[in-house]
Amino acid sequence: MPPPDTGTPPRGLDDLSAADLDDVLHQARTRLGRHLVGAAAHYGRANGTAGFRTDAGTWVRLSWRHSTRLDPSAWIGTEAAAAAISDRVPRPRWIAAATWSDPDRQVVWRAEETTLAPAPALSDTGEITTDPQLAPGWWHGLATALEALAAHTTDRTALEPGHLTRRIHEVYGTRIDTRIPADEWACAHGDLGYANLTGPELMLLDWESWGMAPTGWDAACLWSASLRVPPIANEVLRRFAGPLSTRSGRLCRLLLCANVARATRRLGREPPATGAAAAAAEALLADLGHTP
């Protein structure tokens, strides 16, 4: 699940590649004691983040939140995962973090240092548009990692049941039963798209959103992010047939279809995955026993 909405970003901070950050980078360097290699920077073009290699061969991720809209759970997600999640889930190792207030911009900054992932992210965005040519071992590793992650328990929440109900009812009507059995909840990464997965060596990146979610949430997110490449979407369905065939797994997929439908209405045009999502939603509604 994407990080919680932080409201309208201060002007110029939604895309940090276009912002004057000299003072911010100075603070990050000073507080972490690392030199940031600007030539190797990577920017999230819409979520107000930037990443830098360091002179120590590590990685520093820079992000911000509104001063009055801090979500402590998401803010320290990577740090919390370091203490709570087993090493059976491959991810960069958390090293240190620095947080400071920026009254002029009305935000709080966080610079977080981790070890460097051994391979790049599979996409600059959550979705893919071409086959990433992932080996069977990569898929097996991901399935093993998600199974290990699901065995954890936490008081963090990756997906609120109320959010799932509101979105599905908004798009498909209130007659759909969105109740999820108590035994169909598991620990999840919460934002499992291709920007948060590396390859050919597997690691799971960006742990802001991890927590309890309906069974199948992570697999459903990956399926949704694969819809523009049907063979990969089908591969996700095959590889994760167990969690995705549960009632909660079907509801998770339906929620993501609802998100595509809402985006179509909001934008006034059809996103590329609209047709595939609509067809999937029709089948899911039938499986869930819903008739128009």
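What counts as what
- Residues numbered from 1 in each chain as written.
- Predicted model: local features only at pLDDT ≥ 70, side-chain atom pairs only at ≥ 80, totals over all residues.
- Heavy atoms only, no water.
- Salt bridge = Lys/Arg side-chain N within 4 Å of Asp/Glu carboxyl O.
- Helix = DSSP H or I, 4+ residues; strand = E, 2+ residues; numbered from the N terminus.
- Buried < 20%, exposed > 50% of the residue type's maximum accessible area, 1.4 Å probe, protein only.
- Lys, Arg positive; Asp, Glu negative; His and termini not counted.
- Contact = heavy atoms within 4.5 Å.
- Core = buried A, V, L, I, M, F, W, Y, C linked by side-chain atoms within 4.5 Å.
- Domains from an automatic or database assignment.
- Expected span 1.5 Å × (residues − 1).
- Arc of directions from axis to C-beta.
- Buried area = accessible area lost by both parts, 1.4 Å probe.
- Polar contact = N/O pair within 3.5 Å; in protein donor to acceptor, adjacent residues only side chain to side chain.

Draft legend 1. Summary view of the pattern of salt bridges. Within this structure, the stated rule accounts for 14 salt bridges. Residue arginine 105 pairs with aspartate 23 through a salt bridge whose shortest N-O separation is 2.9 Å. With a gap of 82 residues between them, arginine 105 in the loop between strand 4 (94–102) and strand 5 (107–115) and aspartate 23 in helix 1 (residues 22–32) connect regions that are remote in the sequence. Note that arginine 110 and glutamate 79 form a salt bridge whose closest N and O atoms lie 2.8 Å from each other.

Draft legend 2. Main features of the side chain of arginine 253. Tracing the chain through its elements places arginine 253 in helix 9 (residues 247–267). Salt bridges are absent for the buried arginine 253, whose nearest opposite-charge side chain, aspartate 287, sits at 6.0 Å. Non-local contacts of arginine 253, meaning those with residues more than four positions away in its chain, are made with Ala220, Trp223, Leu237, Leu244, Ala280 and Leu284.

Draft legend 3. Inspection of the nonpolar core at higher detail. Residues Trp139, Leu142, Tyr172, Leu204, Trp217 and Leu254 are the most contacted members of the largest nonpolar core, which totals 60 residues. Listing elements by their share of this core, those giving two or more residues are helix 4 (136–150), helix 5 (161–172), strand 6 (185–188), strand 7 (211–214), helix 6 (217–225), helix 7 (230–239), helix 9 and helix 10 (274–287). For this core, the element with the highest residue contribution is helix 9, accounting for eight residues. Split by domain, the residues of this core number at least three in each of domain 1 (16–115) and domain 2 (136–290).

Draft legend 4. Structural detail: helix 4. Taking 1.5 Å per residue, 15 residues should reach 21 Å; helix 4 reaches 21 Å between its end C-alpha atoms and fits that length. Among the residues of helix 4, those classed as buried are Trp138, Trp139, Leu142, Ala145, Leu146, Ala148 and Leu149. Looking at the packing, one finds that the buried side of helix 4 touches strand 6, helix 6 and helix 7.

Draft legend 5. Local environment of helix 1. Taken together, the buried positions of helix 1 are occupied by Val24, Leu25, Ala28 and Leu32. The buried residues of helix 1 occupy an angular sector of 95° when the element is viewed end-on, so they sit on one face. Exposed side chains of helix 1 directed beyond 90 degrees from the buried face belong to Asp22 and Thr30. Its buried side turned inward, helix 1 meets strand 1 (36–44), strand 2 (49–54), strand 3 (58–66), strand 4 and strand 5. Looking one or two places after helix 1, you find glycine 33, whose phi comes out positive at around 70°.

Draft legend 6. Broad picture of the domain arrangement of the chain. In terms of domain boundaries, the chain breaks down into domain 1 (16–115) and domain 2 (136–290). Computed over C-alpha atoms, the centres of domain 1 and domain 2 are 27 Å apart. Taken together, the 15 residues of domain 1 in the interface contact 14 residues of domain 2. Of all residues in domain 1, Ile85, Val89 and Pro90 give up the largest surface area on contact with domain 2, accounting jointly for 32% of the area buried on that side. Across the contact surface, domain 1 and domain 2 share two salt bridges. The closest approach of N and O atoms between glutamate 208 and arginine 61, which form a salt bridge, is 2.4 Å. At the junction of domain 1 and domain 2, the tally comes to five residue pairs in polar contact (both at pLDDT 80 or more). Sorting the residues of the side of domain 1 that touches domain 2 by element identifies helix 2 (72–75) and helix 3 (77–84) as the ones contributing at least two each.

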